[in-house]
Amino acid sequence: MMKKVMKRAIICLAPILTGIAIAITITSIGVANAGPGMDSLDYFFNEINTFEARFRQKVLDESMAEIDDGQGQVWIQRPGLFRWDYAPPEAQVIVGDGENVWIYDIELEQITVRNQEQTLGKSPAILLAGSGNLEENYHIEDFGTHGRYDWVNLMPNSEDSGFKEIRIGFEDNRLRLMELLDNLGQTTRIIFVDLKENSPIPMTTFDFIPPPGMDIIDHREP
């Protein structure tokens, strides 16, 4: 079950997760919603072009009991490039190369490929990969400072996004935590550590060449 849940969350984020291969359209967040969380969100979109981190991801049920977890490494380069590597025992590689999203299940020796724009659409992928229009797709609120984090809450304007709301936590202007509440009442929580911002990332990071002998499921449309 974990692979299905993790895969769904990362495809939605693109991380996670992340975005459509078009130029980002993010304006300065409205003054009426000004606050530390909004300032950090604005900074993240306007000043951060590359992002690298280790992550720990947990899936919680309606009672907030942990039902799945995973960890790995993420690389993002705007606009529209991302890679999430999940560590064993549930090893997976998810790559968005700007045109396609490749999902490589190492244990099953299976690869699924889809058009990136078709796969991500208006999903939370734009939150990290930085493409699309954030304010057009989400109602954004500043939730103030709680504990170590400055929070913003995003509620999708579209009912088919797969998520009811997304909470993003910043610490000292740096992305540290994301929580996605889905339509089934489950919460996906992603914690980022060992962050590197605006450091060069080799373009080969976002290349994906299927290993020989893999079963490839191609869902790309012409």
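Everything quoted here is computed from the prediction, not taken from an experiment. (Residues numbered from 1 in each chain as written. Predicted model: local features only at pLDDT ≥ 70, side-chain atom pairs only at ≥ 80, totals over all residues. Heavy atoms only, no water.)

Student: I keep staring at the side chain of Thr187 and nothing clicks. Help me out?
Tutor: Counting through the fold element by element, Thr187 comes out in strand S11 (residues 187-197). Assessed through its relative accessible area of 3%, Thr187 is described here as buried. Among all residues touching Thr187, those that are not within four sequence positions of it are Lys58, Val59, Leu60, Met64, Glu179, Leu180 and Leu181. (Helix = DSSP H or I, 4+ residues; strand = E, 2+ residues; numbered from the N terminus. Buried < 20%, exposed > 50% of the residue type's maximum accessible area, 1.4 Å probe, protein only. Contact = heavy atoms within 4.5 Å.)

Student: I keep staring at the environment of Gln110 and nothing clicks. Help me out?
Tutor: Relative to the helices and strands, Gln110 is located in strand S6 (residues 110-115). Residues Gln110 and Ile216, spaced 106 residues apart in sequence, show a C-alpha to C-alpha distance of 6.0 Å. Once you skip the residues sitting within four places of it in the chain, Gln110 turns out to touch Ile103, Tyr104, Asp105, Met214, Asp215 and Ile217.

Student: So what exactly am I meant to see when it comes to the packing of aromatic side chains here?
Tutor: Given two aromatic rings, one states the distance between the centres and the angle between the planes to describe the pair. What the rule picks out here adds up to 10 aromatic pairs. Ring geometry for Phe55 against Tyr86: centres 5.1 Å apart, planes inclined by 80°, an arrangement best described as edge-to-face. Here the residue Phe55 occupies a position in strand S1 (residues 50-60), and Tyr86 occupies one in strand S3 (residues 81-86), the gap between them amounting to 31 residues. Accessibility assignment for this pair places Phe55 and Tyr86 in one class, buried. Judged by centre distance (6.4 Å) and plane angle (55°), the ring pair of Trp84 and Phe192 falls under tilted. Remark: Phe192 occurs in strand S11 and Trp84 occurs in strand S3; sequence separation between them is 108 residues. Through a chain of ring-to-ring contacts, the aromatic side chains of Phe44, Phe45, Phe51, Phe55, Trp84, Tyr86, Phe170 and Phe192 assemble into a single cluster. The cationic tip of Arg78 hangs over the ring face of Phe44; the distance from NZ or CZ to the ring centre is 4.5 Å. (Phe/Tyr/Trp six-rings, centres within 6.5 Å; stacked < 30°, edge-to-face > 60°. Lys NZ or Arg CZ within 6 Å of the ring centre and 35° of its normal.)

Student: I'm lost on unusual backbone geometry in this one. Help?
Tutor: Both trends apply: most residues other than glycine have a negative phi, and most peptide bonds are in trans. Cis geometry is found at the peptide bond from Arg78 to Pro79, where omega equals -5°. Relative to the assigned elements, Pro79 resides in the loop between strand S2 (66-77) and S3. A cis amide bond links Pro88 to the next residue, Pro89, at an omega of 10°. With respect to the helices and strands, Pro89 occurs in the loop between S3 and strand S4 (92-96). A positive phi angle is found at Met64, which is not glycine, with a value near 70°. The residue Met64 is located in the loop between S1 and S2 in this model. Of note, Asp194 is a non-glycine position whose phi angle comes to about 55°, a positive value. Turning to its location among the elements, Asp194 is positioned in strand S11. Residue Asp194 is classed as partly exposed on the basis of its relative accessible area, which comes to 48%.

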